[in-house]
Every structure is written in C-alpha cells, then in structure tokens.
Amino acid sequence: MIRTYSSKEHIEQLNVAVKCENVTVEYKGRPNLLNINMEVPSGVLLAVLGPNNSGKTTLLKTIAGVEKPTAGNIYIYSRPTHALKNDVAYVPERNHVNWDFPINLFDLVLMGSYNRLRRAEQPHKKDKIAVKEALERMGLEKLAKKSICDLSRGEKHRALIARALVQDARIYIMDDPMVAADEESINIIVEVLQELRAKKKTVIVSHHDFVTIPRYFDMVALLNVKLLGIGKTEDILTEENFEKTYGMSAGIIKNIRLYMDESHDRTK
Amino acid sequence: MFSMEFEIVIVIILSAITCSIPGAFLVMRKNYYAADTANRSAMLGIAIALIFSSFLSSPLVIVLGSLTAILGMYLVKKIKGLTHFRAKGISIIVSSTLLCFGILIASNISLNNSAEFDLSIIYLGDTAFTSFNRLRIAGIDIGSYAFYSILIIMIINIIIVMVYYKEFKIDGVDKYYAASIEMKEETIDFILVIMTALSVSVSFQTAGIFMTSAFILGPAAAALFYTKRLSTLAIVSVFLSSIACLVGFSIAWPAEVSISGAIVSFIGILFILSVLFAPEEGIIKKYFDYLAEQKKLDEYIILDILNTQSIDTSSSALIERLAKSLNWKFLRVSYLVNKLKADKMLEEVNGYIYLTLEGKYEIDKFMKTQNCFH
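Residues numbered from 1 in each chain as written. Chains lettered and ligands numbered in written order. Predicted model: local features only at pLDDT ≥ 70, side-chain atom pairs only at ≥ 80, totals over all residues.

1. Considering the overall build of chain A
Broken down by element type, chain A carries 10 helices and 11 strands. Pairs at least 24 residues apart make up 68% of the contacts formed inside chain A by residues separated by at least 6 positions. (Helix = DSSP H or I, 4+ residues; strand = E, 2+ residues; numbered from the N terminus. Contact = placed C-beta atoms within 7 Å.)

Take a look at the structure:
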C-alpha cells in the first residue's frame, strides 16, 4: 500500500487525530472494511475516495463511533473512540435523517449542544447563541423557524453542518456533504471546511467529485474495502492508484492533473 | 367520592392521555406496528393475571400485561434482526400467537367462572365497570382502582418524557448522530416499549383489546396534521384524545352503547376530518394549493414564451397561436392573457401584446429558482 507522507520524522511530529489499527467491519459475513490501518494527522482536510460499496460510509461511521468494528481498534487522539463523545462531530448522509420529524431548523441545529448536556438538562443561553452563529455562518439564519421537512437539499446539507459546528469538536466527519447540493451551498460548505482547517480542526470527508479534490483537500485516502493509499493529494491521485481503486481508465486522472497544473499556475 | 358518570369520564380522559403520550413518539418514529404488537401481546399476561385476580385494573394485570407486551415487541425486533421479514409481518404473527394463547386461557377462566367474568370486557372494554372496584384506605372509599392505576402510569409516562425528551428527539430525527454522541438507540427503544406496554395494559378496561391501538395512535396521527413541532404535537394529541373521550362518552352513556366503541369511532372521525380539513396539511387545502400553483405555472409558461420567443402577431392571433402550440383551449389562454394584463405583466399596444418590465422581472425571478437542486 502506498503511504506518502513528507517524511517519517515529520509525521511523528504531527499530532495524530485518528488512528485505525487493523480495523475490520463486517455485515452478514462479508467485510465492508478489511484490516484498515491508517493515521490521520491533526488539522488536515482528508477526502475519502472509493467506488460505491467500497466502505467509505462504514469507515466514517466507525471512526465516529456509530458502528463498532468487528476487529481492530480506533483511537481518537490516542484514546479509544468510546471515551471521547465530545471530540467527534459526525455529519451523516442527508438521506439518513428523518426529515419528516416535526421540529424546526433551530431545534435541529440545537441538537449539536446535546452531547454537552446531562440527562433532563435543557440547553442554555450560550448554546442558543452558538446555534444562531452557526446558522448565520451557514447562511440559514432566515430559515431558523422553518420546519426541517420544508428545507431544500442544499439547505439540509448546510443544516447538518451547522449542527456539527455547534458541537465544537476537534474532529469533523462528514459523509458526502456536497452531493447534489446547489452551488451556493457547496461554496458555503467549502468555505467552512477551510475555516475549520484554519482553526486546526481535522476534517474527514467522503467525496465524489474528483475534479475538486485538489482544490479542497490536503490529503486523500483511497478505499475499496481495503485501504489502497493514503497521503498528500498530489501524491495519491495517480493513474495507477485510480486504476487500482476504481478499475477505470486513466482519462479522468489526466483531466484532474491538467486542472491541478492550471490551479498551480494560477496560484503562482 | 364523585358521581359515577364523573368518575368514568375522568378515567377515560386519563386513559386517553396516558396512551397518547407514547403514541406521539411512536407516530413520530413511524413505528406504528409497535402499538398493535403491544396491545395483542398484552392479552397473554392479562389472561394469566386473571387466573389470580378478578378485575382488570389490578396491579397484577398491569404488571403481567406489560411484561408480555414487552416480550411481544422484543420478539418482533429480534426476529426482524435475524431474518429478512418485515417488522409488520412478524408483528402480526408473533402478536396474534400471544393473543391466541391469552384468549385460550381467558376463555377457560370464563367457562369455569362464568358468573363473575365477562370475556367481552377484555375484547371491547367497558368503562362502566371501572367504578365497581374501589380503593379503600382504612375502610374509607377514596375512589376507583382504575383511576389510581391509570393516574400512576400517566405520571410515569410524563416523568419519562421530561427526563428523556432530548433523547427521544435526537433518536427520532437522526439515529446515526445519536449513536455518535453515545446515545444508545436500544435504550430509547426500551423506554418507549415500557411506556407503550404500561399504557396498553392499563387501558385495557377502557378500550379493550381491539381498540387500544386506535387509542394510542389515532390522536397523535391526527395531531400531525396540525403541527410541525414535537412539543405541540404531544399537547395537540392529548387535547384531541380528551375531546374524543368527552364526545364519545356523551353519545354512548345516554344511548347505553359501548363507551370505548363510541370514543374510538370519534377518534377515527377526527382523524378523517383532519386528513380532509386540516388548515395547512389537509388534503383539501393541499389540493387548492396545487391548483393555485398550477395556475401560476400556466402564467409563467406564457410569460416565458413571450420572453424568449419573438411572436409578431396581433392580440387575438397571438392567443390563437399560443392555444395551438401549447395544446390548450382558447378560452384558457385568453383568460390567462387577460389576467396577466390585469396584473400588469403584459400590456397591449396598438393591438399587439408585449411583456412589461414587471413581467420580465417576474419571469426572470421565477427562472432563477428553477434549477434541479431546489
């Protein structure tokens, strides 16, 4: 497997946010993930790529503590996942949420504060202020009173991220946060990802749009039940790796490379 | 302590409130079959309890009824996890089996003890009987047994909701998020199962085996048409069930027919009325909204054509041409064009129709909102 960190010493200096050690997750006797070993340094934006049914969602859920691995261990800042419910904010796929539930947007985002509250304890004023700020950041402040079932697809994506922002975690795990979202939502989400990185938060995102990967992400993990590669975006996005992961021709990679070169020239 | 009628009304209303509390959460979680499973499965426990106790409001009936209701719901969940069958199908098989065991035992008791025990009370419920079993402390009659048993279960339900309100909410909206913050779905499931089982068992005397499910689900399902907030939903569902109890009782008592039957019938009528006439979610309102939207879309279709296609004909020829190309009736197009003229979206100059600035602004605004992501 390819691992392309800048140097061994450098990686050791970095604080490891997430460490997977021989993680296997099975469903009805078939592995969704098989012996995943990886380390995600603190403060990076990592994209998890892979074809359908490659285990992307399972990997994110397992790191977030939603699913338990059949074998192996996951450590969040060197501690087991179950010890740290406040350190990980999980944004599930939009379709996994019951949008028919009778609550408004403000209440949905306020749920981000529930992990800090004791049983029967009600959210405090500071939690409500955090919700207002998160809604403003995601451009949803005017929709606070709107029922969640009346939100558009892009607004639903933004609402789930706003809830994660209220959690104020150290690690953000987002499952396809931009899929089928409108341009305005994608722009806001990308800005928020950059802001999180600036705040030294670690963000792990499953993503489908190959072309935008170099622009948005520092690191890429290629997954197809097994981890096929993890490292810096430019080192991992190679024709060989893509063929290994997707079994597809290298045409896409050429386009991405072209795009990366153009972006590089523009930044120069 | 109170008159018989007053006591019966209070017992029915408490019973309805007790049932509608777990009902609101079951409806929210789209877990409709759970009420039915609990209801039928409780019969086994109630029948066993009746071997030792002769009245339906006794604590033993409630405890054993709740235990078999929990057993039924647990079996459905377990079998669903292990097989590919749908929960609804498993629920019918499991709960019917437990129900039949219960009926066999109850029939046997009825056969051997016919003077004291009427089987139809279990099937249909009979609120009038609630006043017969009295609770006495130091020889003083302090009210019916049913009143206190239902009151206690209602208080338990209210306390549980107050303590676990956040958890119910998160679990209902997003199970994955709940799991990520260490909120166990199994715990919430179990709490709801206990609330449902207790409510079902305690409501047997008022609603009977065939009607308790409607008692649990009906008011909450009707309430869903009036509110989109969980807290309001619980309140509206309690309000609707209380109304149904009062109306059902006032009809059934003088007519000497089944009180529970009248109440559940009225719950059904309330539900149908809500489906039809609810101010925001009722199908009649939605139908008129749809018609209005369709009419608006018709206007936009005409505005878009005039905005994007150059049609250089006189007013009447334009209407004819539009009618032909859109495959609409002349009168329909004529009405729409006149309406758009009245709304100042179109104007007629020298017998020709043009789009006004307002019309152009309106169609541009509309087109901006019409992409596939909205």
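2. Overview of the nonpolar core
Formed by 174 residues in total, the largest nonpolar core has its most connected members in Val109(A) and Ile173(A). It is helix H1 (residues 4-28) of chain B that contributes the most residues to this core, 15 residues altogether. Look past the residues within four positions of Val109(A) in its chain and what remains in contact with it is Val131(A), Ala134(A), Leu135(A), Ala159(A), Ala162(A), Arg163(A) and Val166(A). The next biggest cluster of nonpolar side chains, apart from the first, holds 15 residues, and it includes Leu318(B), Val333(B), Ile353(B) and Leu355(B). (Core = buried A, V, L, I, M, F, W, Y, C linked by C-beta atoms within 7 Å. Buried ≥ 20, exposed ≤ 12 C-beta atoms within 10 Å, placed from the backbone.)

3. Observations regarding the pairing of strand S3 (residues 30-41) of chain A
Residues in a regular strand point their side chains to alternate faces of the sheet. Relative to S3(A), strand S2 (residues 16-27) of chain A is paired through 8 bridges, and the arrangement is antiparallel. Across the sheet, the residue bridging to Cys20(A) is Met38(A), located in S3(A). (Pairing = 2+ DSSP bridges.)

4. Some remarks on unusual backbone geometry
Residue and element names in this part refer to chain A. Positive phi, normally seen in glycine, also occurs at Asn22, with a value near 50°. Looking at the element boundaries, Asn22 is found in strand S2. Residue class for Asn22 comes out exposed when judged on the 12 C-beta atoms lying within 10 Å of it. Of note in the backbone geometry, Asn35 takes a positive phi value of approximately 45° without being a glycine. Tracing the backbone through its elements, the reader meets Asn35 in strand S3.

5. Considering helix H2 (residues 56-64) of chain A
For the α-helix, the turn length of 3.6 residues means that residues three or four positions removed from each other point alike. Residue and element names in this part refer to chain A. Within H2, 9 of the 9 residues are buried, which leaves it mostly tucked inside the rest of the structure. Along H2, the positions that sit buried rather than exposed are Lys56, Thr57, Thr58, Leu59, Leu60, Lys61, Thr62, Ile63 and Ala64. Directly beyond the C-terminal end of H2, a positive phi value near 85° is found at Gly65.

6. Focus: helix H10 (residues 230-255) of chain B
Over its 26 residues, H10(B) extends 37 Å from the first C-alpha to the last, a length consistent with the 38 Å expected when each residue adds 1.5 Å. Where H10(B) terminates, the next one or two residues include Glu256(B), which has phi positive at roughly 55°. (Expected span 1.5 Å × (residues − 1).)

7. Here we look at the sheet that holds S3(A)
Pairing is antiparallel across the open sheet formed by 4 strands, whose spatial order is S3-S2-S5-S6 (chain A). The strands lining the two open edges of the sheet, one partner per strand, are S3 and strand S6 (79-80) of chain A.

8. As for the environment of Ser265(B)
Residue and element names in this part refer to chain B. Structurally, the position occupied by Ser265 is in helix H11 (residues 259-277). With 19 C-beta atoms counted inside 10 Å, the residue Ser265 sits in the partly exposed group. A sequence separation of 54 residues divides Ser265 from Met211, and the C-alpha atoms of the two residues are 9.5 Å apart.

9. Topic: the interface of chain B and chain A
Facing 23 residues of chain B, the contacting portion of chain A comprises 29 residues. Residue assignment for the side of chain B that touches chain A shows that the elements contributing at least two residues are helix H6 (145-173), helix H7 (175-180) and H10 of chain B. Its residues assigned to classes, the side of chain B that touches chain A shows 12 nonpolar, 5 polar and 6 charged. (Nonpolar A, V, L, I, M, F, W, Y, C, P; charged D, E, K, R; others polar.)

10. Describing the confidence of the model for chain B
Residues and elements named next belong to chain B. Confidence in the prediction for chain B averages 85 pLDDT; 96% of positions are at 70 or higher. Per-residue pLDDT, averaged within each element of chain B, yields its smallest value for helix H5 (residues 119-124) (72) and its largest for helix H14 (residues 330-342) (91). Scoring of the predicted complex yields 0.78 for pTM and 0.79 for ipTM. (pLDDT = per-residue confidence, 0-100.)

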